[in-house]
Structures are given as C-alpha cells and as structure tokens.
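# Observations on the model geometry
Given next are the chains, with one letter for each unit.
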Amino acid sequence: MTVDDKTIVGGTAPSIALPLVSGGSRRTHSTLFSLVLVSPLLLLIFFGFVYPVGEMLVSSLFSPGFTLDNYARIFTKPLYLKVLYRTLEIALLTTLGAFVLGYPVAFAMARAKSKLVPWIAACVLIPLWTSVLVRSYAWILLLQRKGIVNNFLIDIGLIDKPLKILYTEHAVLLAMVHVLLPFMILPVYGSLRSISVELPRAAKNLGAGPVTVFKSVYLPLSLPGIFAGSILVFILALGFFVTPALVGGPTTLMMATLISQQTTELLDWEFAAALSTLLLVVTLVIAFAFRHVLSFSKGFSDGN
Amino acid sequence: MEIRTERGRVAAQNSMRVNHRKLSIGQLVFGGIVALILVFLVLPTLIVAPISFSDARYLQFPPTELSLRWYAEYFTDKDWVAATLFSARIALSTTLAATVVGALAAVALVRGSFPGKSIVLGLALSPLLLPHIVIAIALYLFFAPLKLTGNFFGFLLAHTMLAVPYVVISVSASLQKFDSTLELAALNCGANRVQAFFTIVLPNILPGVFAGGIFAFISSFDEATVAFFISGIDGKTITRKLFEDIDFSLTPVIAVVATLLVLVSLLLLGVYQFVQSKMDQPKHS
Amino acid sequence: MKGAPVSIQRVVKTYGDVLAVNNISLDIVAGELLSLLGPSGSGKTTLLMMLAGFELPNTGSMLLGGNDITFMPPNKRNIGMVFQKYALFPHMTVAQNVGYPLRMRKVPRDVIRQRVANALDLVRLGSYGDRMPSQLSGGQQQRVAVARAMIFEPPVLLMDEPLGALDKKLREQLQIEIKSLQERLAVTVVYVTHDQEEALKMSDRIAVLNEGVLEQVGTPADLYRKPQSAFVADFIGKMNFISGEIHECQSGVSVVRLSEQHFLRLSADVSANPALQRGQKVQIAVRPESLGIASAGQGGQSSIPGVLEANIFVGTHHTLIVGLSVGTPEPIHIQIPDGAVGSDLSRGDSIDVVFNPKKTHIFHADDAVK
C-alpha cells in the first residue's frame with residue numbers, strides 16, 4: 001500500500017459526535033481489580049466494627065422489645081447528666097490546654113535550626129508512641145499521696161501534708177493534656193511548616209515587629225492546623241478510657257469509665273450499650289461535620 | 001579596611017562571632033518555655049526507668065539503692081511471661097495481617113479507579129478516631145456470652161482493624177512518591193500486572209511497607225483499652241495485666257514492665273528512623 | 001530485526017470533555033522513522049500511549065504488521081518504548097535493567113547475560129553493566145533505556161520525546177546515534193517530539209498534529225516546501241505571514257490586495273488549497289530565505305516597501321528585520337547570504353521586499369494560527 005499526502009483523513013471539526021463513554025486507561029487498575037484489593041479491608045471493618053456495633057445498638061434498643069428507656073436514662077438521671085457534662089468539660093479544657101502548650105512547641109519545631117529539630121521531634125514522638133498505660137502510670141507515680149510531686153514539695157518545705165492530687169478532676173485534666181498534646185502539635189506543625197520562609201521576611205521588611213509578624217502571618221496561616229488538631233484532640237478526649245480510669249477516681253467518672261463501670265461492675269449491659277452508642281454517634285457526627293478539616297491533618301490525598 | 005595587628009584581627013573575628021549568636025531576650029524566654037513544655041512531654045515516660053532499678057519495695061524517687069531484683073521477679077513470674085508472650089504473638093500476627101490488608105487497600109486507593117474512593121479512604125482511616133472503648137464494649141458484649149473472651153482471633157480482628165490505618169497512610173505515601181511510569185515501563189517490557197508489582201513496585205515502596213509494619217506492631221503491643229475488655233483468664237495481654245496490677249497490687253514490678261514497654265517503643269522507633277533515612281534518599285538523578 | 005508497518009485507523013480519544021485525538025488515521029511504513037510532531041496538547045503523546053497500550057481509544061483501531069492490537073494488553077504487544085524520563089528501574093543495575101524484558105520472556109540466564117552484553121556494546125556502554133542508574137549521566141541513562149527497548153528485537157520502537165531533558169550538544173549527538181541505529185537495524189520508529197528541527201533532521205516522514213487533528217504527513221522536504229495549512233507552515237521552520245484579500249484570481253495569477261493602494265502579484269498554484277475567490281481573506285506565507293531585496297521603488301509588482309529595523313550577522317548569512325508599510329504590524333525576517341546585495345544595509349534604510357511568486361504560499365485567513 002503506497003502512502004502519499006492524499007490519504008490523509010482529518011478535519012478541523014469533529015467528524016463524529018463525542019461518544020458518551022471515554023476510552024479506558026491502563027495507568028490505573030480496573031474497577032473490578034481495585035474492588036478485589038479493597039475487599040479485605042472492607043471485610044475487616046465490617047466484622048471488627050460494623051457488625052459488633054450493630055449488635056450493640058440493637059441490644060440497647062431492645063431489652064427485649066423495643067424501648068428507648070436506656071437512652072432516656074442518660075438524659076434524665078442527674079448522675080449521668082453530670083458525667084456527660086464533665087466529659088464535655090474536660091474534653092474542652094483538654095483541647096484548650098493542648099493548644100496553649102502545644103502551639104509553642106509546634107512553632108519551635110517548625111522554625112528552629114535543623115540541628116535542634118530532631119530533639120524536639122523526639123520529645124513529641126516518644127510519648128506519642130509509648131503506651132498510654134505507661135504514661136498514665138507515670139502520672140500516678142507523680143501525683144499520688146506519696147508520689148514524686150508531693151515528696152518534692154514536702155522536702156523543700158512548701159507544704160507539710162501531702163496534697164490530694166490524684167483521683168481528682170485536675171489530675172485527669174493534667175494527664176489528658178499530657179497524653180493528647182502530640183495530637184495537637186503535629187497538625188499545627190504541619191501547617192506552620194507549609195508557610196513559606198519568605199512571608200515573615202516580607203512582613204519584617206515592611207516594618208512589622210515580631211508580635212505583628214506572628215499575628216498577621218503565622219497565626220492566620222496555621223489556623224487549618226489548629227482546627228485539625230483541636231477537633232482531633234477533642235474527639236479523642238471524649239472517648240478516652242485508660243487515663244481517666246487510672247488517674248481519675250470514682251468521683252470523676254467520665255463517659256468511658258462510666259461505660260466500663262456499667263459493663264464490668266454493674267453488669268447492666270443494655271445501658272452500657274446505650275452509652276457506648278451515644279458516644280459513638282457523637283464522635284461520628286463531629287468527625288463527619290469536620291471531615292475536611294481533619295483530612296488536612298492526615299496530610300493525605302486519595303490519589304485521584 | 002585593613003587590619004594590621006594580630007590583636008585587631010582576632011577582635012574583629014570575635015565581634016563577628018558574637019553578632020551571629022546574639023539572641024533577643026524574647027527568643028530566650030520563648031526557648032525556655034518550650035524547653036519546659038518538652039520536659040513535661042517526655043519526663044513522665046522516662047521516670048519509670050529509674051524506679052524500676054530501685055531496691056526499695058515502695059516508691060522512692062530518686063532511688064537510693066539500685067538493684068535488678070524486680071527485673072528478676074518479672075522474668076521469673078509465669079503470669080507476666082505468659083502475658084508478654086501472648087501480647088507478642090498478637091502483635092506479630094496483627095503486623096502481618098495489617099500490612100497485607102493495608103498495603104492492598106493502599107494500592108487500590110492510590111492506583112485504582114472505583115467509585116466511592118473517598119468513602120473507602122474514610123473507612124480505612126476511621127479506626128484512628130473511633131473511641132477504643134466503643135470497640136472494646138461492642139466486642140466484649142459480642143464475645144462474652146459466647147465465652148470467647150481471651151480468644152486470640154478476637155484480638156487479631158480488633159487489633160488488625162486498629163493497626164490498618166497506619167499501614168494505609170505509610171504505604172500510600174510511599175506509593176505516591178513512586179514514579180508510576182516505572183510500572184508502565186515494566187508492562188512494556190513484558191511484565192503482567194502481578195509481576196510488575198512484585199519486581200518493580202514493591203521493592204521501591206518497601207520502606208513505606210516496613211514503616212507501616214512498625215507502627216502496626218507498636219499500636220498492637222501497647223494497646224490497652226480493647227485488650228482490657230476482651231482479655232480472659234487464659235488470654236491476657238501484658239497491658240491488661242499491667243492495668244490490673246496498677247489498680248490492685250501496686251508492686252515495683254510494674255515499673256519494670258513499664259520500662260520494658262518504653263524500651264520496645266524506643267527500639268522500634270529507632271528502626272523506623274533508620275528506615276526513614278533510607279526512604280529519603282533520592283532514587284532518580 | 002525487521003520492522004513492521006503500523007496502521008492507525010480512525011482513532012478517537014477523549015478525556016472527559018476534552019477531545020485529545022480527533023479521528024486520526026495514519027499509516028506508518030515498515031522500517032521508517034516517523035515523527036509525531038506538534039505543540040503540547042496536540043495529541044501526539046496520547047497517540048503514542050495508545051500504540052503502547054497504556055490508553056485505550058474510544059473508537060478506531062490500530063494494527064501492527066496487520067494484526068489488530070487495539071485492545072491487546074501492553075505486556076503482550078512486543079513493542080519497545082523509550083520514555084521521556086528514561087524510566088530506568090532505580091533498584092536494579094544497568095545490566096538488570098537491560099535484561100528485564102528477556103527475564104519476563106523467560107529467556108535462560110546465560111543467554112540473557114550474553115545478549116545484555118551485546119546490547120550494551122551497541123549503545124557503547126559495554127563496561128557500565130554493574131552500575132546503578134543513579135550513577136549515570138542523562139545521556140548514558142537514555143542509551144540504557146534504548147538498549148532495554150531494543151534487546152528483545154521488537155518490530156516497532158516508540159520514543160516519547162527521549163532527548164528533551166538533555167543539553168543541545170548531547171541532543172545532537174544522540175539524534176545522530178539513534179538515527180543510525182534505526183537505519184542499521186531497519187526497525188520502525190514512531191518518534192514523538194515538539195522540536196521541529198529534530199523532526200526535520202531525523203525523520204523519514206513527519207506527521208504534524210494540532211489539537212488532536214492530523215494536519216499533514218510527508219517527508220521533511222514536503223512539509224518544508226509545500227505546507228498545506230498555515231499551521232504547518234508556521235510550525236516547521238521560520239515563516240513570515242502577511243494578511244490581505246484576494247483582488248483577482250485567474251489563469252495562474254493572483255493579485256492580493258494588502259491595502260487601499262497596495263497590491264501584490266503572486267502565482268496562484270503554489271498552495272494546495274481549493275480555488276481562491278475574489279474577496280476572500282487570505283494569509284500569505286513566505287520563508288525568510290525566499291524573499292529578496294531591491295532598492296526602494298525598484299521592486300515591481302511582487303514587492304512591498306519597508307524600512308530596515310535591524311541587520312543581524314549570523315556568520316554564514318544575514319537576517320534582516322524589516323518593518324513593512326502594509327500587510328502586517330509585525331516585522332518580517334529576510335535571510336540573505338553574506339555578501340549578497342543588501343548585506344551592508346543598516347537601520348533606517350528604505351527598501352522594497354521582493355516576493356518570489358513561485359515560493360509564496362497562500363492560505364485561507366481562518367486557517368491561520370496567529
């Protein structure tokens with residue numbers, strides 16, 4: 001077959017109507033294959049979470065026969081309302097405390113000389129990856145009647161009798177802030193680090209003092225990280241179990257410890273189920289409402 | 001400006017050095033505050049170690065006499081040893097399971113095309129936010145009537161689910177850094193999808209897989225809440241036993257166990273740092 | 001190794017709303033080096049990707065040596081490919097990279113070793129087998145990529161702007177090497193590039209693409225001397241454009257009206273375009289080397305007066321930049337050999353720019369790129 005210029009078939013206008021379906025691409029995996037890859041994960045989440053939680057939900061609503069009594073109890077008995085209120089209060093205060101203490105650290109980590117950064121990072125990451133149990137136990141050692149803090153205060157003569165710190169709300173708050181601090185620091189660090197070095201320089205060049213530079217450059221641009229960290233810490237604080245269980249006492253019940261008490265001591269499983277469901281629903285609502293804020297904190301795009 | 005004398009030259013050099021290191025009062029104060037907060041962060045984790053070496057039966061800080069008796073007691077106590085081994089078994093199996101499930105899911109999320117990707121991604125990462133107490137109670141209420149508390153597979157299920165997000169995040173990050181043209185080149189050279197994955201993709205994302213595995217292990221070994229509730233008499237994790245003893249029989253052996261947990265974390269974190277430094281090396285010229 | 005013919009038949013490719021490849025048909029002769037030339041977005045890379053099997057067309061088909069490969073998986077096509085950024089496997093040595101296709105074809109180990117050595121010798125990298133890709137320079141990596149693409153003796157080789165990342169001297173050297181290798185082995189090469197000089201130097205034929213449409217296919221000489229559209233005229237080589245309107249068109253002569261008073265007399269059959277009619281808006285295209293100089297007022301009916309803006313000496317020739325009184329607001333470029341009439345002109349001199357009627361192209365105005 002000879003080829004010459006006259007065998008060109010081309011046009012300046014589309015000579016066919018645009019087809020409805022695009023041609024495929026082999027750069028991505030086919031839909032079927034992708035779904036196969038993802039199925040173990042989905043099965044895991046179903047059997048590990050969705051199914052047991054579903055059963056739990058059912059047991060809270062049927063004991064036996066449909067009833068909303070379990071839920072009504074939560075909101076009508078003052079004891080439980082108090083627990084709800086305390087949980088929210090501590091969660092909020094923890095978030096606030098984590099912000100106050102965490103922002104400076106995140107700032108230092110983002111702006112310090114590269115020689116110092118690994119040390120700061122180590123101080124943040126080591127507690128993060130150490131068991132909550134160990135850290136809560138350390139707070140017991142610190143705060144108990146014959147603990148390190150009390151002994152120290154008595155030794156230096158500040159007090160004569162040991163203070164009751166452990167098993168109070170203050171202890172729980174302190175320990176929670178300590179445990180959840182890294183969850184505030186990391187997202188804030190992430191957003192601070194993304195601020196180009198030139199911006200504060202430009203501000204200084206235009207005459208801004210350090211406080212103004214902070215207020216007008218760093219603070220506003222780190223807001224996404226602050227939001228993400230705050231939502232994260234708040235959600236985690238709401239449902240936290242280990243620290244309130246060890247550091248708080250029977251007078252400082254929070255949601256998680258109340259649930260534990262109902263399950264293992266009072267054996268009122270339907271009520272425990274209702275409490276758990278409530279906690280879960282609140283968590284999911286907050287997570288869903290702020291999902292865009294949170295997706296920043298994961299620093300993750302889904303590769304689309 | 002010429003500096004004629006030796007003294008003058010040294011003086012000039014010194015003044016330059018001083019200017020370099022001059023910090024404002026504000027910066028010093030800020031640095032001091034940050035240092036205090038960092039101490040606040042790291043100190044509690046570290047104080048368990050000295051106490052574990054104390055000879056005394058009661059809490060003494062700083063310890064006056066040191067000994068290894070509590071370590072000896074830990075290693076010879078069959079309950080503690082059993083709990084440690086049980087936790088180790090669960091953690092290793094969890095790591096394996098989570099790595100496989102998470103890596104497959106990551107490949108699909110980064111390189112696949114299917115509807116509802118963002119939903120699946122949300123599901124994959126959700127265990128990070130779900131309150132452990134809810135998972136613990138739901139599983140407990142599920143297992144207890146069936147007398148399945150302390151069951152190894154129950155733990156495996158729960159811990160794998162909790163560990164998968166770390167693997168997904170780590171492997172996905174690695175995959176996104178990976179130049180997908182390499183996979184196309186492999187296909188062009190005659191490899192099918194599976195061959196391309198095992199010969200070209202996997203070797204290049206191994207650091208990410210490894211890092212994910214490390215975090216999966218730590219998250220399982222250290223996990224306390226779910227372990228507390230679904231432990232049984234025969235199947236008790238080290239964290240559950242630690243929890244019990246802190247509550248009921250506060251002996252210094254607890255400090256030993258706590259120290260060992262910290263050491264395990266530190267060791268694995270060190271391995272991660274090492275792997276991370278290899279990951280950051282540029283692969284293309 | 002012997003090359004196979006490739007046939008692209010009425011291929012269409014869309015990405016969502018974008019029409020990347022608009023009904024292109026093209027026949028590539030066995031053993032030729034054909035360039036797909038065009039600006040970015042022209043569809044050339046998309047076409048190459050479809051030949052490789054990484055993208056699938058919406059409609060149309062592609063044949064290799066007579067076999068329909070449109071939906072064949074990429075790993076079964078037995079086509080060699082050299083990627084823009086070389087795509088060498090970073091965790092394997094050079095030898096392992098080059099041997100990979102043979103490994104996938106289950107060739108015995110010792111045979112692989114021998115053939116890898118031969119392939120590396122062919123690209124003059126014989127002693128580099130044990131190095132890692134990151135230890136090689138860009139040019140060396142490119143040669144490894146070529147060796148890997150050729151080692152399994154494919155009938156067709158695809159190249160996606162392989163020399164884009166290299167500096168000029170290296171590029172020129174590799175252009176010659178690739179072309180000589182291709183001729184020696186008689187393998188069919190489909191070569192994607194946006195560099196028209198490269199295409200002119202290396203190709204047996206060039207296919208010019210613009211926004212998914214095949215504008216023209218031909219030898220470099222065909223495209224240079226007889227462009228069939230203003231786009232091709234503009235894209236290949238340097239071209240001057242002048243706007244006007246057909247005043248008369250009969251028996252081989254066109255008179256183009258550039259303004260109220262000025263008319264340009266040209267030959268009508270220099271362009272391949274359909275019949276020109278009175279009143280039609282046109283673009284006149286002419287190469288810098290096809291223009292002549294005459295003293296002001298002496299140019300004749302096929303000239304336009306202008307004023308010299310610059311006289312640039314480039315060694316073998318002069319480039320004169322002239323602002324014309326009518327026809328185009330942009331200054332035009334004229335190329336004359338050093339020593340010819342006009343070499344000593346300077347800025348501000350008035351001249352007449354003379355058009356060679358036989359070497360001037362006329363295109364419809366709405367065809368124009370500018």
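Just above, that's the structure.
For the structure given in this document, a descriptive report is provided here. Just so we're clear, the structure is a prediction, and the values are computed from it rather than from any experiment.

With that settled, the discussion passes to the overall build of chain C. Broken down by element type, chain C carries eight helices and 20 strands. The C-alpha extent of chain C, read off along each of the three principal axes, is 80 × 45 × 35 Å. Counting all 370 residues of chain C, 56% fall into the buried class. Taking all contacts inside chain C whose residues are at least 6 apart in sequence as the whole, residues at least 24 apart take part in 67%. Of the roughly 15800 Å² that chain C leaves accessible, carbon and sulfur atoms contribute 50%. Charged side chains in chain C number 36 positive and 36 negative. The centres of these two groups are separated by 8 Å.

Considering all chains together, one arrives at 15 salt bridges over all chains under this definition. One salt bridge connects Glu 169 of chain A with Arg 86 of chain A, and the closest N-O pair in it is separated by 2.8 Å. Here Glu 169 of chain A, found in helix α7 (residues 169-193), pairs with Arg 86 of chain A, found in helix α3 (residues 78-111); they are 83 residues apart in sequence, far enough to count as distant. Overall, the relative accessible area of 29% leaves Glu 169 of chain A in the partly exposed class. A salt bridge links Lys 179 of chain C to Asp 204 of chain C, with the nearest nitrogen and oxygen atoms 3.3 Å apart. Of the two residues, Lys 179 of chain C is situated in helix α5 (residues 168-185) and Asp 204 of chain C in the loop between α6 (196-202) and β9 (205-210); the sequence distance between them amounts to 25 residues. Looking at Lys 179 of chain C, the relative accessible area reads 12%, which means it is buried. Asp 204 of chain C sits in the partly exposed class, given a relative accessible area of 30%. Residues joined by salt bridges that share partners form a network here, namely Arg 111, Glu 183 and Arg 193 of chain B.

The next point concerns the nonpolar core. Core analysis: the largest hydrophobic core is formed by 225 residues, its most contacted members being Leu 192 of chain A, Ile 133 of chain B together with Leu 26, Leu 36, Leu 47, Tyr 100 and Leu 158 of chain C. In terms of residue count, the dominant contributor to this core is helix α4 (residues 78-111) of chain B (14 residues). The residue makeup of this core includes at least three contributed by each of domain 1 (2-46) and domain 2 (77-248) of chain B. For Ile 133 of chain B, the residues in contact, after removing those within four places along its chain, are Gly 239, Phe 241, Ala 256, Ile 259 and Leu 279 of chain A together with Thr 225 and Phe 229 of chain B. Core analysis: the next-biggest nonpolar cluster, separate from the first, contains 34 residues, Leu 102, Ala 149, Ile 178 and Tyr 191 of chain C among them.

Attention shifts here to the interface of chain A and chain B. Facing 83 residues of chain A, the contacting portion of chain B comprises 81 residues. Roughly 7400 Å² of surface becomes buried between chain A and chain B when both sides are summed, with 82% attributable to carbon and sulfur atoms. Scanning the region where chain A abuts chain B turns up nine residue pairs in polar contact (both at pLDDT 80 or more). Top contributing element to the side of chain A that touches chain B by residue count: helix α1 (residues 31-61) of chain A, with 18 residues. Counted by class, the side of chain A that touches chain B contains 56 nonpolar, 20 polar and seven charged residues.

Glancing now at the sheet that holds strand β3 (residues 33-37) of chain C. Residues and elements named next belong to chain C. Strand order across the open sheet formed by six strands is β6-β7-β8-β3-β9-β10, with mixed pairing between neighbours. Two strands close off the open sheet at either side, each with one partner strand: β6 (80-82) and β10 (213-218). Strand-to-strand twist of the sheet, defined as the mean angle between neighbouring strand axes without regard to direction, takes the value 15°. Along the sheet, helix α1 (residues 44-52) contacts β3, β6, β7 (156-160), β8 (188-193) and β9; its crossing angle with β7, the most-contacted strand, is approximately 145°.

This next bit is on the environment of Leu 174 of chain C. All names here are of chain C. Summarising the element assignment, Leu 174 is placed in helix α5. Spatially, the C-alpha atom of Leu 174 lies 7.7 Å from that of Leu 163, the residues being 11 residues apart in sequence. What Leu 174 contacts, discounting residues up to four positions off in sequence, is Gly 139, Gln 142, Arg 143, Leu 163 and Leu 166.

This part is about the side chain of Asp 352 of chain C. All names here are of chain C. Turning to its location among the elements, Asp 352 is positioned in strand β19 (residues 350-355). Polar side-chain contacts of Asp 352 include one of 2.9 Å to the backbone nitrogen of Gly 297. Setting aside residues no more than four positions away along its own chain, Asp 352 makes contact with Gly 292, Ile 293, Ala 294, Ser 295, Ala 296, Gly 297, Gln 298, Gly 299, Ser 303, Ile 304 and Pro 305.

We now examine the environment of Val 100 of chain B. Residue and element names in this part refer to chain B. Summarising the element assignment, Val 100 is placed in helix α4. Given a relative accessible area of 46%, Val 100 falls into the partly exposed group. Remark: the alpha-carbon pair of Val 100 and Ala 124, spanning 24 residues in sequence, is separated by 13 Å.

Residue and element names in this part refer to chain C. Spatially, β15-β19-β16-β17-β18 is the arrangement adopted by the five strands of the open sheet, whose pairing is antiparallel. Whereas interior strands pair on both sides, the edge strands pair on one side only; in this sheet they are β15 (291-295) and β18 (332-337). Neighbour-to-neighbour, the strand axes of the sheet open up by a mean angle of 45°, direction not taken into account. Across five bridges, the pairing between strand β16 (residues 303-313) and β19 is antiparallel. Note that in β19 the partner of Ile 304 across the bridge is Val 353.

Our next topic: helix α8 (residues 180-188) of chain B. For α8 of chain B, a buried count of seven out of nine residues is recorded, marking the element as mostly surrounded by other parts of the structure. Those residues of α8 of chain B lying buried are Leu 182, Glu 183, Leu 184, Ala 185, Ala 186, Leu 187 and Asn 188 of chain B. Each element contacted by the buried residues of α8 of chain B is listed here: α4 and α9 (193-222) of chain B together with β6, α2 (94-104) and α4 (138-150) of chain C. Looking one or two places after α8 of chain B, you find Gly 190 of chain B, whose phi comes out positive at around 110°.

Our focus in this paragraph is the packing of α3 of chain A against helix α10 (residues 223-238) of chain A. All names here are of chain A. Look at α3 against α10: their axes get within 9 Å of each other, and the N-to-C directions meet at 140°. When the interaxial angle is binned, α3 and α10 end up oblique. Between α3 and α10 lies a crossing of right-handed hand. Between α3 and α10, the contacting residues are Thr 87, Leu 88, Ala 91, Leu 92, Thr 94, Thr 95, Ala 98, Phe 99 and Tyr 103 on the first element and Ile 226, Ser 230, Val 233, Phe 234, Ala 237 and Leu 238 on the second.

Attention now moves to the side chain of Thr 239 of chain B. Considering the arrangement of structural elements, one finds Thr 239 of chain B in helix α11 (residues 238-248). Under the relative-accessibility criterion, Thr 239 of chain B is labelled buried at 1%. Every residue in contact with Thr 239 of chain B, bar those within four places of it in the chain, is listed here: Ser 131 and Leu 133 of chain A together with Ser 87, Phe 221, Asp 222, Glu 223, Ala 224 and Ala 227 of chain B.

Residue and element names in this part refer to chain B. Counted by the stated rule, this structure contains 33 aromatic pairs over all chains. Ring geometry for Tyr 74 against Trp 80: centres 6.1 Å apart, planes inclined by 55°, an arrangement best described as tilted. What makes Trp 80 buried here is its relative accessible area of 2%. Centre to centre, the rings of Phe 217 and Phe 221 are 5.7 Å apart; their planes meet at 15°, and the pair counts as stacked. Separated by four residues within a single helix, Phe 217 and Phe 221 lie in helix α9, roughly one turn from each other. Taken individually, Phe 217 and Phe 221 each receive the classification buried, so the pair is uniform in this respect.

Thresholds, definitions, all that
- Residues numbered from 1 in each chain as written.
- Chains lettered and ligands numbered in written order.
- Predicted model: local features only at pLDDT ≥ 70, side-chain atom pairs only at ≥ 80, totals over all residues.
- Heavy atoms only, no water.
- Helix = DSSP H or I, 4+ residues; strand = E, 2+ residues; numbered from the N terminus.
- Buried < 20%, exposed > 50% of the residue type's maximum accessible area, 1.4 Å probe, protein only.
- Contact = heavy atoms within 4.5 Å.
- Areas by Shrake-Rupley, 256 points an atom, 1.4 Å probe, with all protein chains shown as cover.
- Lys, Arg positive; Asp, Glu negative; His and termini not counted.
- Charge placed at Lys NZ, Arg CZ, Asp CG, Glu CD.
- Salt bridge = Lys/Arg side-chain N within 4 Å of Asp/Glu carboxyl O.
- Core = buried A, V, L, I, M, F, W, Y, C linked by side-chain atoms within 4.5 Å.
- Domains from an automatic or database assignment.
- Buried area = accessible area lost by both parts, 1.4 Å probe.
- Polar contact = N/O pair within 3.5 Å; in protein donor to acceptor, adjacent residues only side chain to side chain.
- Nonpolar A, V, L, I, M, F, W, Y, C, P; charged D, E, K, R; others polar.
- Pairing = 2+ DSSP bridges.
- Axes fitted to C-alpha atoms, helices over the stretch in contact; angles between N-to-C directions.
- Parallel < 35°, antiparallel > 145°, perpendicular 65-115°, else oblique.
- Left-handed = near helix turned anticlockwise from the far one by under 90°.
- Phe/Tyr/Trp six-rings, centres within 6.5 Å; stacked < 30°, edge-to-face > 60°.

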